[in-house]
Amino acid sequence: MECSKHHVAVVGGSGVGKTTLIQLLATTFHEFIFKEFNEHDVLEARQTLGLYHAFILVCDTSSMDSFTTLSEVIPVIKRAKEGEDFPCVLVGNKTDIDARVVSERDLAKLSGVWLNSCPTFYLSIQENISKLGEVFLDEIETHNTRLSFRQERRNSINV
Ligand SMILES: Nc1nc2c(ncn2[C@@H]2O[C@H](COP(=O)(O)OP(=O)(O)O)[C@@H](O)[C@H]2O)c(=O)[nH]1
Ligand SMILES: [Mg+2]
């Protein structure tokens, strides 16, 4: 892994829009390296997943299966991060499709229960991701500040 870059794992079931999202974000987020993981990839990458700095979790709001998949992979990610708090955003994609079965409330609940109330998005990636990009950057900055603060404290304790 290249150390000078932020490595971002984009996680979600097949067909939820991970590749589309990465293609859009990669045009402006040059300092990030994105890699996508479906549920099988997550299990296979259990040992290395903890090295990723940030996570974008994606489901398709017209597919309850894709929401269930996220609920199942989140504990695997949390175990890989060994309790460390990590920057994360949760995305319910494809809201342009009328057959919505995953609600904004479902996303908020998942975030509240499992993800330290990380920001959630209910949107169509194809239509508007500018806000998502901004909030994701905020998430990274907030966590980095916290991490360096923790590091400073550790240093001062060791003196
Ligand atoms: N209707 C709709 N389709 C989308 C949206 N985002 C992605 N897609 C389509 O969903 C399909 C799967 O997207 P892809 O990015 O390949 O999903 P991945 O398997 O998670 O990487 C493609 O045909 C995309 O064009 C969206 O916001 N709305
Ligand atoms: Mg893909």
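Residues numbered from 1 in each chain as written. Chains lettered and ligands numbered in written order. Predicted model: local features only at pLDDT ≥ 70, side-chain atom pairs only at ≥ 80, totals over all residues.

Peer 1: Let's hear about the overall build of the chain: which residues, and what values?
Peer 2: Looking only at helices and strands, the chain features five helices and five strands. Listing the helices and strands of the chain from first to last along the sequence gives β-α-β-α-β-α-β-α-β-α. Residues classed as buried in the chain amount to 33% of the 159 residues present. (Helix = DSSP H or I, 4+ residues; strand = E, 2+ residues; numbered from the N terminus. Buried ≥ 20, exposed ≤ 12 C-beta atoms within 10 Å, placed from the backbone.)

Peer 1: Go over the nonpolar core with me, naming the residues and quoting the values.
Peer 2: Val10, Val11, Phe55, Ile56, Leu57 and Val58 are the most contacted members of the largest nonpolar core, which has 39 residues in total. Elements represented by at least two residues in this core include exactly strand 1 (6-11), helix 1 (18-26), strand 2 (32-37), strand 3 (54-60), helix 3 (64-80), strand 4 (88-93), helix 4 (104-114) and helix 5 (130-158). Setting aside chain neighbours within four positions, we find Ile56 in contact with Val8, Val10, Leu21, Val89, Val91 and Phe136. (Core = buried A, V, L, I, M, F, W, Y, C linked by C-beta atoms within 7 Å. Contact = placed C-beta atoms within 7 Å.)

Peer 1: Summarise the sheet that holds strand 3; cite the residues concerned and give the values.
Peer 2: The strand order across the open sheet built from five strands is 2-1-3-4-5, with neighbouring strands paired in parallel fashion. Of all the strands in the sheet, just strand 2 and strand 5 (120-122) have a single pairing partner and so form its edges. Each neighbouring strand pair of the sheet contributes to a mean axis angle of 20°, computed without reference to strand direction. The pairing of strand 1 with strand 2 spans six bridges and is classified as parallel. Counted as the bridge partner of Ala9 is Lys35 from strand 2. Running over the sheet, helix 1 touches strand 1, strand 2 and strand 3 and is turned about 175° from strand 2. Docked against the sheet, helix 4 engages strand 4 and strand 5, running at close to 165° with respect to strand 5. (Pairing = 2+ DSSP bridges. Axes fitted to C-alpha atoms, helices over the stretch in contact; angles between N-to-C directions.)

Peer 1: Provide a residue-level description of unusual backbone geometry, including the pertinent values.
Peer 2: For Asn116, which is not glycine, the phi torsion reads 55° and is therefore positive. Relative to the helices and strands, Asn116 is located in the loop between helix 4 and strand 5. You can call Asn116 exposed: it has 11 C-beta atoms within 10 Å.

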